[in-house]
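# Analysis of the macromolecular model
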Amino acid sequence: MGTLDRVDLDLLNALADDHRATVVALAERLGLSRNTVQARLARLERGGVFQSFERAIPPLALGLPIEAMVSVTVRQAELPRITQAIATLPEVVQAYGMSGQVDLLVRVAARDTQHLFDVDARILAIDGVERTETSLVMGEVIGYRIRPLLESAREDAIR
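Computed from a predicted structure; not experimentally measured. (Residues numbered from 1 in each chain as written. Predicted model: local features only at pLDDT ≥ 70, side-chain atom pairs only at ≥ 80, totals over all residues. Heavy atoms only, no water.)

Another point: the sheet that holds strand E2 (residues 92–97). Spatial ordering of the open sheet is given by E2-E3-E1-E4, a layout of 4 strands whose pairing is antiparallel. The open sheet has two edge strands, E2 and strand E4 (129–136), and neither has a second partner. In this sheet, neighbouring strand axes are inclined to one another by 20° on average, regardless of whether the strands run parallel or antiparallel. In this sheet, strand E3 (residues 104–110) lies alongside strand E1 (residues 66–74) in antiparallel orientation, the contact comprising 7 bridges. Opposite Ala 68, over in E3, you have Val 108 as the bridge partner. Of the strands in this sheet, E1, E2, E3 and E4 touch helix H4 (residues 79–87), which is tilted by about 10° from E3. Across the sheet, helix H5 (residues 113–124) touches E1, E3 and E4, and the angle it forms with E4 is around 155°. (Pairing = 2+ DSSP bridges. Helix = DSSP H or I, 4+ residues; strand = E, 2+ residues; numbered from the N terminus. Axes fitted to C-alpha atoms, helices over the stretch in contact; angles between N-to-C directions. Contact = heavy atoms within 4.5 Å.)

What follows is the structure, given as structure tokens:
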């Protein structure tokens, strides 16, 4: 997606305030026509601005109160295959490719410590995985947020 203009940023801020807002409600709030808002949203979506429309369900709601970050070191040449194998594990909530000493950072959810141990063992059993290190998540101290970046970008666009 190219550069976002002030209208795009205002629209994204309005969606950050109310992610369920209708096109009509957004148009009224921003003083734009419904067609303008609808066209902007379609362009933003085509440009990959929206990551997912999936509801965020905490693993706790599914009976998985333990979350951990598993640092995974792999044989580099096999990274794509290993990543695919890790993606087949239902307990894997997210994974990031990393630079530095760790190749992947995998967020997993588990029922209890034995379940977590088993998940870690399944990751370690994947051919090409050289080592894992698991850290328990004690609590989220800063949740996913985009508003500070939106506000900064809007200020830059005004200048």
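By volume, the largest pocket amounts to about 2300 Å³. With 4 residues, the top contributor of residues to the lining of the largest pocket is E2. Counted by class, the lining of the largest pocket contains 32 nonpolar, 6 polar and 9 charged residues. (1 Å grid on protein atoms, 1.4 Å probe; cavity = no way out; pocket = protein on both sides within 12 Å on 5 of 7 lines; lining within 4 Å. Points joined across faces, edges and corners; volume = space filled by probe spheres on them. Nonpolar A, V, L, I, M, F, W, Y, C, P; charged D, E, K, R; others polar.)

Two strands pair when backbone bridges link them, and E2 and E3 are joined in this way by 5 bridges, in the antiparallel orientation. Each residue of the ladder has a partner; that of Gln 94, found in E3, is Arg 107. In textbook terms, the turn of a hairpin is the stretch between consecutive antiparallel strands, and for E2 and E3 this stretch comprises 6 residues, one of which, Gly 100, has a positive phi near 100°.

Okay, the side chain of Asp 120 next. As for its position among the elements, Asp 120 is in helix H5. Among buried charged residues, Asp 120 stands out as having no salt bridge; its nearest opposite-charge side chain is Arg 131, 9.9 Å away. A distance of 2.9 Å separates the side chain of Asp 120 from the side chain of Thr 134, its partner in a polar contact. (Buried < 20%, exposed > 50% of the residue type's maximum accessible area, 1.4 Å probe, protein only. Lys, Arg positive; Asp, Glu negative; His and termini not counted. Salt bridge = Lys/Arg side-chain N within 4 Å of Asp/Glu carboxyl O. Polar contact = N/O pair within 3.5 Å; in protein donor to acceptor, adjacent residues only side chain to side chain.)

The next thing to look at is the pairing of E1. E1 sits mainly inside the fold: 8 of its 9 residues count as buried. Pairing analysis gives 7 bridges linking E1 to E4, with the strands arranged antiparallel. Following the sheet pairing, Thr 73 is matched in E4 by Arg 131.

As for its placement among the helices and strands, Ala 85 is situated in helix H4. Residue classification places Ala 85 among the partly exposed residues on the basis of a relative accessible area of 22%. Separated by 69 residues in sequence, Ala 85 and Arg 154 place their C-alpha atoms 41 Å apart.

For the pair helix H2 (residues 23–30) and helix H3 (residues 34–46), the least separation of the axes is 8 Å and the interaxial angle reads 110°. The orientation of H2 with respect to H3, classified from their angle, is roughly perpendicular. Taken as a pair, H2 and H3 cross one another with a handedness that is right-handed. In this structure, H2 uses Val 23, Val 24, Leu 26 and Ala 27 to contact H3, whose residues at the interface are Arg 34, Val 37, Gln 38 and Leu 41. Here the contact of H2 with H3 is built from residues that sort into 6 nonpolar, 1 polar and 1 charged. (Parallel < 35°, antiparallel > 145°, perpendicular 65-115°, else oblique. Left-handed = near helix turned anticlockwise from the far one by under 90°.)

Here we come to the pattern of salt bridges. Counted according to the given criterion, the structure contains 14 salt bridges. Close ionic contact of Asp 127 with Arg 75 constitutes a salt bridge, the shortest N to O distance being 3.3 Å. Within this pair, whereas Asp 127 is found in the loop between H5 and E4, its partner Arg 75 is found in the loop between E1 and H4, the two being separated by 52 residues in sequence. The residue Glu 91 makes a salt bridge to Arg 122 at a minimum N-O spacing of 2.8 Å. Pair noted here: Glu 91 is in the loop between H4 and E2 and Arg 122 is in helix H5, with a separation of 31 residues, a long-range link.

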